[in-house]
Number of protein chains: 2
Amino acid sequence: MNMDTKHAPIGIFDSGVGGLTVMREIMRLLPNERLVYFGDTARVPYGSKSRDTIIRFSRQIVHFLHTKQVKAIVIACNTASAYALETLRREIPEPIIGVVKPGAKTAVSVTKNGRVGIIGTEGTIKSQVYSDYIHELNPELTVIGRACPLFVPLVEEGLLHDAVTDEIAGRYLDGLKRENIDTLILGCTHYPLLRSTIGRIMGDQVKLVNPAYETAVELRDMLAKQDLLHTGLSEPTRDAYQFYVSDDASRFRSFADSILPFSIDCTVQIPIEEYEAQ
Amino acid sequence: MNMDTKHAPIGIFDSGVGGLTVMREIMRLLPNERLVYFGDTARVPYGSKSRDTIIRFSRQIVHFLHTKQVKAIVIACNTASAYALETLRREIPEPIIGVVKPGAKTAVSVTKNGRVGIIGTEGTIKSQVYSDYIHELNPELTVIGRACPLFVPLVEEGLLHDAVTDEIAGRYLDGLKRENIDTLILGCTHYPLLRSTIGRIMGDQVKLVNPAYETAVELRDMLAKQDLLHTGLSEPTRDAYQFYVSDDASRFRSFADSILPFSIDCTVQIPIEEYEAQ
């Protein structure tokens, strides 16, 4: 592996802004890496769309990231990880990881009573991908999934601490509470923003798993194993991070500024549907 | 105008399923017309996306409808009508109408006290297009807009009659109530499904305007004026109606079946982003 590849950026993508919570963890854990983020804000959300459509969109994004000569790709979106990861892995040369496997792995190590809950979009839950990964690691565990379609719009409307969100969360989580789970995976990158509401409803005995941090750890381990870690010691400058979106950049910036530890000066809008398979 | 053109279908499009409420009115008023519906279910919703993106998407859809040799086009989506109608009208040869002008016209004729409210997506409200049309007709009127971003997700989650929807609607409409309006335009094709909730909150003294019916009337008048009305007398058969979507067809069918007076046998998924400007 030559130095050029080590110094190449890592590509990260999501349906919109939620993946920035994953990017933030990667910035913290791998401060020397250059990162290119793409948010598919023109076609957000992914959660209620079909497998084929999500694979098509993800493929276009990967082709866009290839134009940035990325050395590795992180799918920072649960729905796209659920539907597109295995397909993309067969199609591209560079390593690619999603958020689902790290989240599943953590849940398996955390649960004491063997009963794990998972909340996510309709697509993520329907795919059963969390359940599949968990059972690969430990077939004895019981996994109970629940789609929470209103959580993303509630977060985007800013109702993080609100009676309506409490009421909706109560309904979504009621069945999971009665299932006696001791671990709950926040299987959508927006959900950590509702952590306090979800935690209060589920109670202290249920441990909440946010796959973002574990994804950063898996990324680091994978890069190290493949001798792809950036070995420089310099602190990254702001221009180490590039942001691209498919819709107007200004809306993205204001949300990004609330998640990231610095403000984004420059976000570039690109016509993502033109990045077809080469 | 030759007979072939009169017998050509009318194209109708929306970001998803909401435009079917407009199609239903067109079916009733113009039972002899053939109709081609396109729902952009892979990229829904439009309401929170930018003008440029909505114009780009709408242009692709119009190019797709051209492959069906439509004689006229109806934009059955408030956001796309608000952002894309005037641009598209300059670009294409056949007549095209939206839902905004008919809704505005009705509101102007309905209001007694000159105070009109309009609810819609962020895009529709921000565009001020309802307000502009209303002031063209009567500059004396006062128009008050309010975006209601959670209404679409609540409808799609099926919470048509629910305490949470009541609570959210109460918050959105509270300001409008205090503005002493006597007319309220339901400026999004999903909102008629919340008519009873909205009506109860606004009270009997506020008349609700649903642009769907008036859009069908405007379409009929425009076709008549341009000698484009289908003059046959035969009742349409099911194959007079064609349905196309950009995501998986099955989800669309189940919602469509709840809106239309018959069940849809065949909906075809197409790759809409490939219909670029020729």
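The model shown is predicted, which means the values in this text are computed figures rather than measured ones.

Draft legend 1. Fine view of the overall build of chain A. The helix and strand inventory of chain A stands at 12 helices and 10 strands. Over its C-alpha trace chain A gives a radius of gyration of 18 Å, about what one expects of a compact globule, namely 19 Å for 278 residues. Across its three principal directions, the C-alpha atoms of chain A cover 55 × 40 × 35 Å. Evaluated residue by residue, chain A yields a buried proportion of 60% over its 278 residues. A fraction of 77% describes how many contacts in chain A between residues 6 or more apart in sequence connect residues 24 or more apart.

Draft legend 2. Summary view of the interface of chain B and chain A. Chain B puts 32 residues into the contact, and the matching count from chain A is 32 residues. Seen at the junction of chain B and chain A, the total is 6 salt bridges. Of the charged contacts, one joins Glu 122 of chain B and Arg 251 of chain A as a salt bridge, the two residues approaching to 2.7 Å between their closest N and O atoms. Inspection of the chain B/chain A interface yields 18 residue pairs in polar contact (both at pLDDT 80 or more).

Draft legend 3. Geometry of the relation of the copies chain B and chain A. The operation relating chain B to chain A is a screw motion whose rotation component is 180 degrees, with 0.0 Å of axial translation and a residual RMSD of 0.0 Å. Classification of the inter-copy transformation places it as that of a two-fold axis. No C-alpha of chain B approaches the rotation axis more nearly than that of Arg 43 of chain B, which lies at 2.3 Å. Here 100% of the interface residues in chain B have copies in chain A that are interface residues too; the copies meet face to matching face.

Draft legend 4. View of helix α4 (residues 78-91) of chain B. Residues and elements named next belong to chain B. Taking 1.5 Å per residue, 14 residues should reach 20 Å; α4 reaches 20 Å between its end C-alpha atoms and fits that length. In α4, a bend of some 60 degrees at Ala 84 exceeds every other bend along the element. With respect to burial, α4 is a largely interior element, 10 of its 14 residues being buried. Among the residues making up α4, those that are buried are Asn 78, Thr 79, Ala 80, Ser 81, Ala 82, Tyr 83, Ala 84, Leu 85, Thr 87 and Leu 88.

Draft legend 5. Highlighting unusual backbone geometry. All names here are of chain A. Each neighbour pair has its own omega, and for Val 44 with Pro 45 the value is -5 degrees, a cis peptide bond. Backbone geometry at Asp 227 places phi at a positive 55 degrees, although glycine is not the residue there. By the secondary structure assignment, Asp 227 is in the loop between α11 (211-225) and β9 (241-245).

Draft legend 6. Representation of the pattern of salt bridges. Applying the stated criterion across every chain, the model contains 30 salt bridges over all chains. Ionic pairing is found between Arg 56 of chain B and Glu 273 of chain A, a salt bridge with its closest N-O pair at 2.9 Å. Of this pair, Arg 56 of chain B sits in helix α3 (residues 51-66) while Glu 273 of chain A sits in the segment after β10 (267-269), on two different chains. Under the relative-accessibility criterion, Glu 273 of chain A is labelled buried at 6%. In this structure, the salt-bridge partner of Asp 40 of chain B is Arg 43 of chain B, at a minimum N-O distance of 2.8 Å.

Draft legend 7. Region of interest: the environment of Ile 75 of chain B. Residue and element names in this part refer to chain B. Among the secondary structure elements, Ile 75 is positioned in strand β3 (residues 72-75). Ile 75 sits 93 residues away from Ile 168 along the chain, and the two C-alpha atoms are 28 Å apart. Excluding residues that lie within four positions of it along the chain, Ile 75 makes contacts with Phe 13, Ala 80, Ser 81, Leu 85, Leu 88, Ile 96, Ile 97, Gly 98 and Val 99.

Draft legend 8. Inspection of the environment of Val 110 of chain B at higher detail. Residues and elements named next belong to chain B. Here Val 110 shows up in helix α5 (residues 100-110). In the structure, Val 110 is positioned 18 residues away from Ile 92 in sequence and 33 Å away in space, judged by C-alpha atoms. The contacts of Val 110, once residues within four sequence positions are left out, are Thr 183 and Lys 207.

Draft legend 9. Representation of the nonpolar core. In this structure, Ile 198 of chain A together with Ile 198 of chain B are the most contacted members of the largest nonpolar core, which totals 52 residues. Of all the secondary-structure elements, those providing two or more residues to this core are α8 (151-156), α9 (163-178), β7 (183-187) and α10 (195-202) of chain A together with α8 (151-156), α9 (163-178), β7 (183-187) and α10 (195-202) of chain B. Excluding residues within four positions of it along the chain, Ile 198 of chain B makes contact with Ile 119, Phe 151, Leu 173, Leu 184, Leu 186, Tyr 191 and Leu 208 of chain B. Within the second largest apolar cluster, 42 residues are counted, among which are Val 36, Ala 104, Val 129 and Ile 270 of chain B.

Draft legend 10. Representation of the domain arrangement of chain A within the structure. All names here are of chain A. What the domain assignment lists for chain A is domain 1 (3-98 + 213-274) and domain 2 (101-211). A C-alpha centroid distance of 23 Å is found between domain 1 and domain 2. Each partner contributes residues to the interface: domain 1 has 21 residues there, and domain 2 has 19 residues. Here domain 1 and domain 2 share an interface that buries about 1,600 Å² over both sides, 53% of which is from carbon and sulfur atoms. Sorting the residues of domain 1 by area buried against domain 2 places Asn 78, Ala 82 and Glu 214 first, and these three jointly supply 30% of that buried surface. Applying the counting criterion to the domain 1 and domain 2 interface returns 0 salt bridges. Viewed at the interface, domain 2 and domain 1 are joined by 10 residue pairs in polar contact (both at pLDDT 80 or more). At the level of secondary structure, the elements contributing two or more residues to the side of domain 1 that touches domain 2 comprise α2 (20-29), α4 (78-91) and α11.

Draft legend 11. Fine view of the sheet that holds β9 of chain A. Residues and elements named next belong to chain A. The strand order across the open sheet built from 6 strands is β4-β3-β1-β2-β9-β10, with neighbouring strands paired in parallel fashion. The outermost strands of the open sheet, each flanked by one partner alone, are β4 (96-98) and β10. Within the sheet, the average angular offset between the axes of one strand and its neighbour, ignoring direction, is 20 degrees. In terms of strand pairing, β9 meets β10 through 3 bridges, oriented parallel. Its bridge partner being in β10, Val 245 is matched across the sheet by Gln 269. Sheet strands in contact with helix α3 (residues 51-66) are β1 (10-14), β2 (35-39), β3 (72-75) and β9, and its direction is about 150 degrees off that of β1. Each of β1, β3 and β4 touches α4; the most contacted strand, β4, lies at about 160 degrees to it.

Rules of the game
Residues numbered from 1 in each chain as written. Chains lettered and ligands numbered in written order. Predicted model: local features only at pLDDT ≥ 70, side-chain atom pairs only at ≥ 80, totals over all residues. Heavy atoms only, no water. Helix = DSSP H or I, 4+ residues; strand = E, 2+ residues; numbered from the N terminus. Rg over C-alpha atoms; globule rule 2.2 N^0.38 Å. Buried < 20%, exposed > 50% of the residue type's maximum accessible area, 1.4 Å probe, protein only. Contact = heavy atoms within 4.5 Å. Salt bridge = Lys/Arg side-chain N within 4 Å of Asp/Glu carboxyl O. Polar contact = N/O pair within 3.5 Å; in protein donor to acceptor, adjacent residues only side chain to side chain. Least-squares fit on C-alpha atoms with pLDDT ≥ 70 in both. Expected span 1.5 Å × (residues − 1). Bend = angle between axes of the 7 residues up to and from the residue. Core = buried A, V, L, I, M, F, W, Y, C linked by side-chain atoms within 4.5 Å. Domains from an automatic or database assignment. Buried area = accessible area lost by both parts, 1.4 Å probe. Pairing = 2+ DSSP bridges. Axes fitted to C-alpha atoms, helices over the stretch in contact; angles between N-to-C directions.

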